[in-house]
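# Geometric and topological summary
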Amino acid sequence: MKVLVLNSGSSSIKYQLFHAANWRVLAAGAVNRIGEPRGEFSGRWRDADGEEQGFALDQTIANHREGLGRIVARLRETQVLAGEGDLTAIGHRVVHGGEAFQRPTLIDGAVMAVIRGMSPLAPLHNPANLAGIEVALNLFPGVPQVAVFDTAFHQTMPPAAYRYALPEELYKAHRVRRYGFHGTSHAYVSRRAAALLGKAPQECNLITLHLGNGASATAVRGGESIDTSMGLTPLEGLVMGTRCGDLDPAIHFYLANNLGMDIQALDDLFNRRSGLLGLCGVNDMREIHRRIGQGDSAAALALEVFCHRLRKYLGAYWVELGRLDALVFTGGIGENDAEVRARTCAGLEGMGILLDEAANQARGQGERRVTRAESPVAVLVIPTNEELEIARQTLEAIERIDSRSGMFPASSTVS
Ligand code: ADP
C-alpha cells in the first residue's frame, strides 16, 4: 500500500509517493510555475526493475487541478500507481494549524473550514495548501486524506513560551501568540536523534537547529517542543536567508517616522531584503563562504551575525532544558556547513560539547555524530526528511482513527 505526500504552494505542487511497508520512495517530483506561460514538470521514479528514471518537461500548467492531474497521470503511466485502491492515504502539508490542530488530522469539510479560517495568519500558504487539498479530494474521493501541520509539533509549548508580553485581548480575540514553524522537520530529527542516541524520545533533551533558507531553533524535552524561535509568523528568531529574525520592534516606528516606510515596504524589507542578503548582498551560504575567501568583510560579518544569533538561542534553550543530550543540525546549512557547526560549538567544552574536528569537517552524507565519543553532549547532523515524516504521520493518523471507529472501507485500511 502506498502513501502520497503533497506539498502545494501558491505556484507549485511537490509530491512524493512512498511504499508504506518500507518507506521506500517510489516516485518524487514537482510541478512549478503554475499559471505562468512556461511551467515546469519534473520528477523521478523507480521502474519495475528498481532502476531510477527521470524526466523534465516544460509545459503550461494552468492551475492546481491541471498540475495534480498531470502528476497522477504520470504516476499511472509509469506504473508506480495502479489506481485509487493502490493508495492507502494522501498526506498534505499545511503550514498553519493555529491552536486548532495539535496533531495530524483527517480532512473533511469542517477541517477545511478551520484551515481556511487560519489564512489571515498564513496568507501565502494556507490558501495554496487548501487548493491542493480540494483538487486531491476531487481526484481521489475514496482515499482518506490527512493534514499535517507545520505548527502542530510546537503546540506543546507552555504559555510562558508562546505568549507575547502584549495585552491579553490580542491573544484572546485575535490569536496573537507564538506558534512556531518547521514543526515537521523538528519532529523528524528529534525522533531520529533519539534513535541515534539509543534512547526513547521521552528520555531525550535536545536542541534542534533547522538551518536552511528559513531557519529555526527548537528546545525539545522528552520528545515535545517546549520553545521555538519562530513566532506568530516565520519572521521571528534566527537570522535567515532573506529574513531578519529578531528585531527591536521600535525599528518599525523609526523607519516609518523617519524614512516614510509603510507596512508593505516594511514587510518587504524584513521578509525579503534582510537576513544574510541584507547584511552582505547574497543569501546563499556557499556564496558567502566564497566571498569570505576573497576577503569580503560584509560576507564575514554576515556569517558572524548568523552564528552569534544562533548561539544566543542555544544558550537560552540549554538553560530552559537544564540538561542537554544532543544538539542537532539539519537543513541545507546545518547538514553541509562544517564551519557554521564549528563556530556554533566553539568554546563550549566546559559545557560538555567536545567537537570531533575531523568528523565535523568530513564531507559526509547521512546521519552522523560529530562529537568525540566521550563528549557529554552529542552533536548530531541529521538530514531532514519532511516528506517522510508527513507520510508516517499520515499513516499513524489513519491507523489511530481506523482502530477507533473502523470508518474506512477495507480497500483503504492498512494491511
Ligand atoms: P530551504 O529552506 O529553501 O529548504 P535548504 O534547506 O535547501 O533551503 O537550505 C538552503 C541553504 O543551504 C542555502 O543557504 C545554501 O547555501 C545552504 N547550503 C546548501 N549546501 C551547502 C553547503 N555545501 N555548504 C554550505 N551551505 C550550503
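Since this is a predicted model, take the numbers as computed values, not measurements. (Residues numbered from 1 in each chain as written. Predicted model: local features only at pLDDT ≥ 70, side-chain atom pairs only at ≥ 80, totals over all residues. Heavy atoms only, no water.)

### Description of the sheet that holds strand S12 (residues 326–330)
Taken together, the six strands give an open sheet; going across it, the order is S11-S10-S9-S12-S14-S13, and neighbouring strands pair in mixed fashion. Taken across any chain shown, the strands that pair with only one partner, and hence form the sheet edges, are strand S11 (224–228) and strand S13 (368–369). The pairing of strand S9 (residues 205–211) with S12 spans five bridges and is classified as parallel. For Leu-209, the partnering residue across the bridge sits in S12 and is Phe-329. Strands in contact with helix H6 (residues 183–197) are S9, strand S10 (215–221), S12, S13 and strand S14 (378–381); relative to S9, the strand with the most contacts, it is inclined by about 130°. Here helix H11 (residues 297–321) sits on the sheet in contact with S9, S10, S11 and S12, set at roughly 160° to S9. (Pairing = 2+ DSSP bridges. Helix = DSSP H or I, 4+ residues; strand = E, 2+ residues; numbered from the N terminus. Contact = heavy atoms within 4.5 Å. Axes fitted to C-alpha atoms, helices over the stretch in contact; angles between N-to-C directions.)

### Re the site of the ligand
As a structural note, the neighbourhood of the ligand is formed by Gly-212, Asn-213, Gly-214, Asn-283, Asp-284, Met-285, Arg-286, Gly-331, Gly-332, Ile-333, Asn-336 and Asp-337. Here Met-285 contributes a backbone N or O atom positioned 2.9 Å from an oxygen atom of the ligand. The separation between an oxygen atom of the ligand and a polar main-chain atom of Arg-286 is 3.4 Å. Here the ligand has 580 Å² of accessible area as a free molecule, and 66% of this is covered by the chains. Of all the secondary structure elements, the ones that give two or more residues to the shell around the ligand are helix H10 (285–293) and helix H12 (331–336). In terms of residues, the shell around the ligand owes the most to one element, H12, which gives four residues. Tallied by class, the residues present in the shell around the ligand amount to two nonpolar, seven polar and three charged. (Near = heavy atom within 4 Å. Polar contact = N/O pair within 3.5 Å; in protein donor to acceptor, adjacent residues only side chain to side chain. Areas by Shrake-Rupley, 256 points an atom, 1.4 Å probe, with all protein chains shown as cover. Nonpolar A, V, L, I, M, F, W, Y, C, P; charged D, E, K, R; others polar.)

### Here we look at the packing of helix H2 (residues 109–117) against helix H3 (residues 126–139)
Between H2 and H3, the least distance of the axes is 9 Å, while the angle of their chain directions is 160°. Between H2 and H3, the crossing angle belongs to the class labelled roughly antiparallel. In the packing of H2 onto H3, the handedness of the crossing is left-handed. Contacts between H2 and H3 pair Met-112, Ile-115 and Arg-116 from the former with Asn-126, Leu-130, Ile-133, Glu-134 and Leu-137 from the latter. (Parallel < 35°, antiparallel > 145°, perpendicular 65-115°, else oblique. Left-handed = near helix turned anticlockwise from the far one by under 90°.)

### Re helix H8 (residues 263–272)
Side chains that are three or four residues apart share a direction in an α-helix, a result of its 3.6 residues per turn. Turning to H8, its buried residues are Leu-266, Leu-269 and Phe-270. Projected down its long axis, H8 carries its buried residues within an arc of 85°, all on one side. In the core, the buried residues of H8 are packed alongside helix H7 (250–259). (Buried < 20%, exposed > 50% of the residue type's maximum accessible area, 1.4 Å probe, protein only. Arc of directions from axis to C-beta.)

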